[in-house]
Amino acid sequence: MLNPSYVLPSRKTVSNNIIPRLYESCKNNVQCLIDSTVAVCLTTDCWTSNKNTSFMATTAHFFDGNTELKSFCLDCTEFSERHTGDNIRAKLMTIVSNWNITHKVTAIVSDNAANVTNAIQKTNYRQVSCFAHTLNLAVQNDLKDISSVTLKVKSIVEYFKRSHHALAKLHATQNQMNMPQLKLIQDVATI
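Described below are features of the structure shown in this document.

## Considering the overall build of the protein
Helix and strand content of the protein: 6 helices and 5 strands. Starting at the N terminus and ending at the C terminus, the protein contains elements arranged as α-β-β-β-α-β-α-β-α-α-α. Across its three principal axes, the protein shows a C-alpha extent of roughly 60 × 60 × 40 Å. Buried residues in the protein amount to 25% of all 191 residues. For the protein, long-range pairs separated by at least 24 residues make up 43% of all intrachain contacts whose partners lie at least 6 apart in sequence. Of the side chains in the protein, 19 bear a positive and 14 a negative charge, and the two mean positions are spaced by 7 Å.

## Focus: the pairing of strand β4 (residues 105–110)
Remark: a regular strand shows side chains that alternate across the two faces of the sheet. Of all 6 residues making up β4, 5 are buried, and the element is well covered by its neighbours. Bridge count for strand β1 (residues 40–48) against β4 is 4 bridges, and the pairing is parallel. Bridging from a neighbouring strand, Val40 pairs with Val105 of β4. With 3 bridges connecting them, β4 and strand β5 (residues 127–129) associate as parallel partners. Counted as the bridge partner of Ser110 is Ser129 from β5.

## Concerning the state of the cysteines
Evaluation of the coordinates by the stated rule reveals 0 disulfides. With no disulfide of its own, Cys46 has Cys76 as its nearest cysteine by sulfur position, at a separation of 10 Å. Overall, Cys76 belongs to the partly exposed group, its relative accessible area being 45%.

## Description of the pairing of strand β3 (residues 69–78)
Where strand β2 (residues 54–63) meets β3, 9 bridges bridge the pair, whose relative direction is antiparallel. What sits directly across from Thr58, in β3, is Asp75.

## Notes on the pattern of salt bridges
Here the structure, examined in full by the defined rule, presents 5 salt bridges. Of the charged contacts, one joins Lys70 and Glu68 as a salt bridge, the two residues approaching to 3.4 Å between their closest N and O atoms. Glu158 is paired through a salt bridge with Arg162; the nearest N and O atoms lie 4.0 Å apart. Pair noted here: Glu158 and Arg162 are both in helix α5 (residues 147–162), with a separation of 4 residues, about one helical turn. Assessed through its relative accessible area of 64%, Arg162 is described here as exposed.

## Considering the sheet that holds β2
Read across the sheet, 5 strands follow the order β3-β2-β1-β4-β5 without closing on themselves; strand pairing throughout is mixed. Two strands lie at the open edges of the sheet, namely β3 and β5, each paired on one side alone. Neighbouring strand axes in the sheet, compared pairwise and without regard to direction, differ in orientation by 25 degrees on average. The pairing of β1 with β2 spans 8 bridges and is antiparallel. Across the sheet, Trp47 pairs through a bridge with Phe55, a residue of β2.

## So, the packing of α5 against helix α6 (residues 164–176)
α6 packs onto α5 with a crossing angle of 105 degrees between their chain directions and a minimal axis gap of 5 Å. Viewed along their axes, α5 and α6 adopt a mutual orientation that is roughly perpendicular. Contacts between α5 and α6 involve Tyr159, Phe160 and Arg162 from the former and His164, Ala166, Leu167 and Leu170 from the latter.

## Examining a nonpolar patch on the surface
A contiguous nonpolar surface patch, about 620 Å² in accessible area, is contributed by Phe131, Leu135, Val139, Leu143, Ile146, Val149 and Val153. Here Val153 shows up in helix α5.

Calculation criteria
Throughout, a residue's number is its position along its own chain's written sequence, starting from 1. The model is predicted, so local features are restricted to residues of pLDDT at least 70 and side-chain atom pairs to those at 80 or more, both for listing and for counting; the totals for chains, interfaces and linings are taken over all residues. Note: side-chain values were computed over all heavy atoms of the structure, leaving out hydrogens and water. Per the convention used, a helix needs a DSSP run of H or I reaching at least four residues, while a strand needs a run of E reaching at least two, with both numbered from the N terminus. Between buried and exposed lies partly exposed: a residue is buried under 20% and exposed over 50% of the maximum accessible area for its type, with that area taken using a 1.4 Å probe on protein chains only. What makes two residues a contact is simply this: any of their non-hydrogen atoms within 4.5 Å. In this count, Lys and Arg are taken as positive residues and Asp and Glu as negative ones, while His and the chain termini are left out. Charged groups are reduced to one reference atom each: NZ for lysine, CZ for arginine, CG for aspartic acid, CD for glutamic acid. For two strands to pair, DSSP has to find at least two bridges joining them. Note that a disulfide, as used here, is simply two cysteine sulfur atoms within 2.5 Å. Between Lys or Arg on one side and Asp or Glu on the other, a salt bridge is scored when a side-chain nitrogen of the former is within 4 Å of a carboxyl oxygen of the latter. Structural elements are reduced to axes, namely lines fitted to C-alpha atoms, with helices fitted over the stretch in contact, and the angle between N-to-C directions of any two is expressed from 0 to 180 degrees. Every angle not falling under 35 degrees, over 145, or within 65 to 115 is termed oblique; those three ranges are roughly parallel, roughly antiparallel and roughly perpendicular. Note that patches include only residues with greater than 30% relative accessible area and no salt bridge, and the join distances are 9 Å for like charges and 5 Å for nonpolar side chains (Val, Leu, Ile, Met, Phe, Trp, Tyr). In these tables, accessible area is a Shrake-Rupley quantity obtained with a 1.4 Å probe, and a residue counts as shielded only by the protein chains included in the view.

In structure tokens:
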């Protein structure tokens, strides 16, 4: 409307020219930052989507020249090979090689899955278990001891999630008691 003579780029132009140029520019900027640091820590994970497609992602973490923590996803692609230690190791080494950080990797953080741990050990890099994942496994294990209580709490939360009238009464009671209106959170299992 501001410039009637302007012609919007076609979908093909955006897909074939603009996005690849933006990607290369961003990748070059990240590469420059990585090249200027002395040490890089990686995190990696494999998962399967709801459509049963497997993926693997690897993220680099490092401090820049101003001691500011930087994190960049180096790779997040479909991983159709079997999730064996050898295949995961090969993928990790390809990523490390592509980003020219073979001599900079100080450790790789991952979940406790045997195949991923095995893969990292085969790279000869230090493997560090993800603290959050380990803590979650411990908590999930201990929650089994109080499963009857957690089932009751879940059913209460579900009741308030399903009934607007009940939720309104809960909010009114919280207000009457001068309590903050806290939001009920549904439990979602993380494996």
